[in-house]
Amino acid sequence: MSNWLAETIHQAEKIDDWLSPKRAQSLSLLKSTAWPTRQTEAWKYTPINVIERAVFKSANDPQIQAEQNSCSKIPNLQAIDLIFVDGIFDRSASTQLLPEGLTISSLSEGADLSWALSSFNQTKPKHHFFGLINDTLATQGCIIDVAEDQCIDQPIRIAQSFSLDSQSHTRILVRLGKRAKVTVIEQLQGDQLSFNTSFAEYQIADHAYLEHYRLAMQCEQAISVGGCHFHLGTSSQLNSNLIGFGSQLSRVDMDIIHTGEHSNAKANVIYLLDGKEVFDLHSAIEHTVANGVSEQNIRCIVADRANAIFNGRIHIHRNAQKILAAMNNRNLLLSDNAQINTKPELEIYADDVRCAHSATIAEIDDEAMFYLQSRGVNRGDAQVLLSFGFINELVDQMNNAAIAQWLRPILRQRFANMEIR
């Protein structure tokens, strides 16, 4: 057993709160699960020995200086802000006044909510190794409840920043009542050596609509392992957008589970890697009932010696007839030394479905580069134009104009720093 894992189990055994029954179940599974290695299929291309080598402060250490850290504000976005620094909820910096029909509680206050205990760990699959770790250690986070028939106009922004040597484990629980509508933004930022697990579970009731953004923009030395997990009811809708930067280790697991007929889920993903960065995306779409629609579009640009991993799976269960599902993974290599490992999967047990997947890996078109340079565009600007054109389609599809407007110059600057080799 890893020394880090042994210490984690020791810490988890000392936690006693309203989630203890759930923690005990996950702790039992964790003790019987081997530390992932390169022989573990789900971690075959993603080395996690960096977690064992690094030294972090204890999770939720009260001596961490919260005032030194903050996530970038998104201009022109009028949001309900929930601020976390090194995994600790900063109530004073968060929005206090909430609209009618919206209830937000800290994870420590969940004992007063009858539904929270039964919902915890019900959407996230049990096989996620670091999800089990989050189950056992997450004492900080938030619980968001949108009442039936309520449309929350202001987006909810959950902003997390991380400082040097910090370790944190946060959990987000979101419940949308029938016919409810809300936008939730998970924003993670920080480039210093730190380690966090941040998992979010969403229960989307019948005829409800969730607009979701995960801005996983940690980079450089940060170590981040987390996930977004969605449970869709009848005629519910999900529109999810994931923007990821690579770092020393960055991993996101996304699970979309259709449990009601006529549910519709769309996920657009962009991740950009440079240097020796790693970004690993594992997604699973489960169609458990008939008459569902799902669409995934994944665009990845990799430069220098970075390593991108995508493992996407669509699972059509035996009685899930009349399913329309598509997965499209497109990758752009800017360097001969960069690496992309992509593995789209279909597992179909019904015979009346339309299901497709595709994966492509390409390089910058030399003719297009020559054309731009011959018209007076320098090489760096030409690269930005061609790279941005590769992912701009997905940025244009974002329903929140303020987020799209904020992202564009950030993405352009990242492209400008990448180098074709």
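Placed above this text is the structure.
Owing to the predicted nature of the structure, the values given are computational and were not obtained by experimental measurement.

## A short note on the sheet that holds strand E5 (residues 156-161)
Okay, so step 1: Read across the open sheet, the 10 strands follow the order E2-E1-E5-E7-E9-E11-E13-E15-E17-E19; overall the sheet is mixed. At either margin of the open sheet sits one strand with a lone partner, and together these are strand E2 (88-89) and strand E19 (353-363).
Okay, so step 2: Relative to strand E17 (residues 323-333), strand E15 (residues 293-302) is paired through 10 bridges, and the arrangement is parallel. Within E17, the position partnered with glutamate 295 by the bridge is alanine 326.
Okay, so step 3: Its contacts with the sheet place helix H8 (residues 401-417) against strand E7 (181-189), strand E9 (209-216), strand E11 (237-245), strand E13 (264-273) and E15, and it is angled at close to 30 degrees to E11.

## A word on the packing of helix H1 (residues 3-12) against helix H2 (residues 20-31)
Okay, so step 1: At a closest axis distance of 11 Å, the pairing of H1 and H2 adopts a crossing angle of 160 degrees. Between H1 and H2, the angle is such that the two are roughly antiparallel. The interaxial crossing formed by H1 with H2 has left-handed handedness. On the side of H1, the interface is formed by Leu5, Ile9 and Ala12, while H2 contributes Leu27, Leu30 and Lys31.
Okay, so step 2: In the contact of H1 with H2, the residues fall into 5 nonpolar, no polar and 1 charged.

## Section: the layout of surface pockets
Okay, so step 1: Size it by volume and the largest pocket reaches roughly 530 Å³.
Okay, so step 2: If you go around the largest pocket, you meet 30 residues; those closest to its centre are Ala42, His127, His128, Asp253 and His282.
Okay, so step 3: For the lining of the largest pocket, the secondary structure elements donating two or more residues are helix H5 (129-137), strand E12 (249-258), strand E14 (278-287), strand E16 (307-316) and strand E18 (339-348).
Okay, so step 4: Here the residues of the lining of the largest pocket sort into 14 nonpolar, 8 polar and 8 charged.

Definitions and cut-offs
Residues numbered from 1 in each chain as written. Predicted model: local features only at pLDDT ≥ 70, side-chain atom pairs only at ≥ 80, totals over all residues. Heavy atoms only, no water. Pairing = 2+ DSSP bridges. Helix = DSSP H or I, 4+ residues; strand = E, 2+ residues; numbered from the N terminus. Contact = heavy atoms within 4.5 Å. Axes fitted to C-alpha atoms, helices over the stretch in contact; angles between N-to-C directions. Parallel < 35°, antiparallel > 145°, perpendicular 65-115°, else oblique. Left-handed = near helix turned anticlockwise from the far one by under 90°. Nonpolar A, V, L, I, M, F, W, Y, C, P; charged D, E, K, R; others polar. 1 Å grid on protein atoms, 1.4 Å probe; cavity = no way out; pocket = protein on both sides within 12 Å on 5 of 7 lines; lining within 4 Å. Points joined across faces, edges and corners; volume = space filled by probe spheres on them.

These values are about where atoms sit, not about what they do.
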